[in-house]
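Chain by chain, the residues:
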Amino acid sequence: MVEAERLAFRYPQDAEHVLTDITFRLTDGRTLITGASGSGKSTLFTLFNRLYPDNCDGVVTGRLNLFDRSYDTYEPGEVNRRVGTVFQDPDSQFVMQTVEEELIFTLENFAVERGDISDRVSAILHELHLSEYRHRTIQDLSGGEKQQIAVACALIGRPEWLLLDEPLAHLDPETAQRFVRWLDESARHVNIVVIEHRPYIWGDFFDRQIELVAGRIGYDGPFVSGPDHTFLPLKTRRGDKHLFHIPKVNRQKFKLAASKISVERGDVIAVLGRNGSGKSTWLRSLARHHREVGLVPQSPAHLFVENNVARELAYGHDRPIEDMLTRIGLERMRAAHPLSLSHGQKRRLAIGVMMLSKKRLIAFDEPTAGQDEASLRALYALMAERVQAGQTVLFVTHDLSFARAANTYYLMRDGQLSGPYDASLWDDPDLLRSHGLLTEGWR
Amino acid sequence: MTFHEMNPTIKFLTVTCLMFGLAFMYNPWTPLGVFFGTLALQFIFSDVSWKRWGLFMIPFLLTAVGTLWTTLVFGKEASGEVMFKLFGNDVTEENVMLAVTLSLRVLAFTALSLLFTLTTDPKRFVYSLMQQGKLSPKIAYSVFVGFRFFPILKNELMQLYETHALRGVPLETRRDRIRHAPKLLIPLLAGAIRQAERIAFSMEARGFTGEGRSTYEVIPVTRNDFLLAALLVALFGVSVWAGVR
């Protein structure tokens with residue numbers, strides 16, 4: 001499908017190339033593209049489905065053929081009839097309200113005859129075992145279901161190739177595994193290319209692997225299934241105990257039971273559970289009812305209320321901030337707008353804010369979603385430093401390999417918190433399975 | 001034959017023309033006729049919940065009363081026989097006529113707008129604008145994306161308020177919240193723009209270019225649409241006649 005020879009790409013405003021000297025042929029089958037954040041994977045993808053270079057005025061040099069024709073001979077939308085795409089974020093790839101309307105929207109784009117549309121919708125839903133979703137409202141579906149609908153929308157146009165850009169980034173392990181199995185069984189007649197940080201979830205799904213390193217091809221060969229990154233438990237320095245009570249929360253569709261956790265100073269605590277089990281609600285309730293808890297939301301940018309880094313650190317107190325600026329490594333960014341920082345810098349700034357406001361416990365909400373290994377290692381180092389400084393770290397996650405960094409565990413299921421457990425939790429498959437957390441026994 | 005089934009574009013054009021025409025009528029009888037006539041038509045040709053209608057009507061009713069009051073009290077000096085005194089101002093017959101005309105006009109406008117909004121499904125309206133109004137699909141589908149974004153943005157706004165409250169921003173009272181709103185605008189907009197870009201990519205990846213599309217849900221134009229439009233125009237005609245007679 002794609003043939004590239006000495007392909008290079010850069011954004012018009014940058015002198016440096018995002019992709020350099022890319023030469024390869026995509027052949028039929030299932031291909032995995034790996035690489036760290038910023039290695040150019042997503043850019044390469046958008047060249048495949050021809051969203052780039054037109055949408056960013058990017059500069060392409062070298063040869064790039066899509067289906068044996070040069071990329072620049074295609075009309076807008078022409079390639080998209082032969083290439084379907086599924087994006088990372090389940091919440092920002094739909095236009096209409098219901099599943100049926102969304103599928104119809106896609107067929108209308110491809111100018112399918114009015115009389116055929118309803119039959120095509122039924123056929124694809126039947127083929128993908130999704131018929132029950134036809135009249136559901138997209139907003140009410142879970143993340144995993146939304147990704148399945150996104151695949152249906154990509155496949156209904158009968159493409160020859162299906163591209164998936166980190167489709168599992170926001171899914172919990174059980175849902176992700178189910179998604180991979182479903183895709184494996186359902187999408188037999190289409191060639192697949194997937195971008196993925198953490199290929200272990202996909203088992204032996206792929207035939208071929210291409211690794212990008214800083215915009216160049218670092219590896220191109222048969223897919224080698226490897227283990228996920230591993231994290232060792234952080235060294236803790238235990239101190240005095242503190243008991244937190246979290247009152248119950250009653251919502252229309254969801255009930256969170258009252259709970260309490262006992263927190264030792266200097267400990268690392270992980271709260272695990274599937275998506276929608278109530279972990280985040282619980283964490284917000286904890287932070288709302290205890291002033292000594294500092295919450296770092298999934299997007300740390302939500303915390304910021306000022307328009308430069310120094311003012312942000314100084315907000316709400318009159319303690320000196322110079323020392324903190326240096327410790328979080330942002331002294332050169334003091335005049336920058338908090339929203340203009342990179343994700344890692346935003347997280348460091350958030351931690352700085354928490355430390356200056358003398359929080360006893362730093363609580364992270366899903367800190368690992370969509371992060372690559374380097375970023376996870378940085379987070380790990382940051383947590384290690386906090387613990388050494390005598391603070392307590394708590395995080396909510398469904399990332400089982402990162403969870404190993406913790407020493408104490410709590411599990412969440414349907415709004416019920418259980419625990420504490422220690423590391424022996426990992427040797428209790430029944431307990432893990434009942435909380436949707438089992439990763440063993442994957443193909 | 002109901003207003004719910006009526007072609008939304010024709011309904012929109014008719015209602016707009018009537019409102020435009022009303023603006024040139026300087027007598028109380030025309031808006032009065034249009035107001036009650038619209039209610040009668042709504043009663044016969046729709047099953048709008050009158051409770052809902054009444055709730056929507058409240059703020060406009062207050063506006064109408066306010067208009068009446070201010071025009072009476074602060075109306076400019078007019079010649080003619082003084083009918084009564086209000087707070088030391090002479091109120092003439094001309095003043096009263098003007099005040100009643102203006103406030104009835106507010107009511108007539110409201111009745112017509114509610115007839116349209118309460119009987120029109122926004123999705124059908126946008127489809128119809130695309131099919132009969134030759135609205136560009138690019139604009140039409142931006143509106144659909146907007147519908148979807150509303151709850152997402154609202155959710156994000158609530159989350160921002162909550163995290164900012166955790167940071168110690170005083171947000172207990174409504175006044176605090178309103179005063180803090182401008183600070184939420186930049187993060188909210190930054191998030192919205194990123195989301196909008198993603199969704200635009202997703203649309204293009206699914207072949208949306210705004211051209212060469214087929215249409216599944218056809219919004220027809222039927223004889224009944226013109227009949228209902230004619231009824232509304234006739235109502236206006238009769239009211240005008242009653243006014244200038």
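It should be emphasised that the depicted structure is a prediction, and the values quoted were computed from it without experimental measurement.

## Remarks on the interface of chain A and chain B
Counting from both sides, the interface comprises 40 residues of chain A and, opposite them, 36 residues of chain B. Among the secondary structure elements, those contributing two or more residues to the side of chain A that touches chain B are helix H2 (99-109), helix H3 (114-127) and helix H6 (279-289) of chain A. No other element matches the 4 residues that H2 of chain A contributes to the side of chain A that touches chain B. Looking at side-chain class alone, the side of chain A that touches chain B contains 19 nonpolar, 13 polar and 8 charged residues.

## Overview of the nonpolar core
Residue and element names in this part refer to chain A. If you look at the biggest cluster of nonpolar residues, it comprises 72 residues, and the most contacted ones within it are Ile33, Leu103, Ile124, Ala152 and Leu163. Take this core: its biggest share by element is 7 residues, from helix H4 (residues 143-155). Aside from chain neighbours lying at most four places away, what touches Leu163 is Phe45, Phe48, Asn49, Val83, Thr85 and Val193.

## Focus: the sheet that holds strand S9 (residues 208-213) of chain A
Residues and elements named next belong to chain A. Here 6 strands make up an open sheet; going across it, the order is S6-S7-S8-S3-S9-S10 and the pairing mixed. Of all strands in the sheet, those with a lone pairing partner are strand S6 (83-86) and strand S10 (216-222), marking the two edges. Adjacent strand axes in the sheet meet at a mean angle of 15°, parallel and antiparallel pairs treated alike. Direction of pairing for S9 relative to S10: antiparallel, over a ladder of 6 bridges. In the sheet register, Glu211 faces S10, and the bridge partner there is Tyr219. Along the sheet, helix H1 (residues 41-48) makes contact with strand S3 (30-34), S6, strand S7 (161-165), strand S8 (191-195) and S9, crossing S7 at roughly 150°. Along the sheet, H4 makes contact with S6 and S7, crossing S6 at roughly 165°.

## A few points about the domain arrangement of chain A
Residue and element names in this part refer to chain A. Splitting chain A by domain gives domain 1 (2-222) and domain 2 (241-434). Computed from C-alpha coordinates alone, the two centres of domain 1 and domain 2 are separated by 33 Å. Each side of the interface is counted separately: domain 1 has 14 residues, and domain 2 has 11 residues. The dominant element in the side of domain 1 that touches domain 2, judged by the number of residues it contributes, is helix H5 (residues 173-186), at 3 residues. Its residues placed into classes, the side of domain 1 that touches domain 2 shows 4 nonpolar, 7 polar and 3 charged.

The rules behind these values
Residues numbered from 1 in each chain as written. Chains lettered and ligands numbered in written order. Predicted model: local features only at pLDDT ≥ 70, side-chain atom pairs only at ≥ 80, totals over all residues. Contact = placed C-beta atoms within 7 Å. Helix = DSSP H or I, 4+ residues; strand = E, 2+ residues; numbered from the N terminus. Nonpolar A, V, L, I, M, F, W, Y, C, P; charged D, E, K, R; others polar. Core = buried A, V, L, I, M, F, W, Y, C linked by C-beta atoms within 7 Å. Buried ≥ 20, exposed ≤ 12 C-beta atoms within 10 Å, placed from the backbone. Pairing = 2+ DSSP bridges. Axes fitted to C-alpha atoms, helices over the stretch in contact; angles between N-to-C directions. Domains from an automatic or database assignment.

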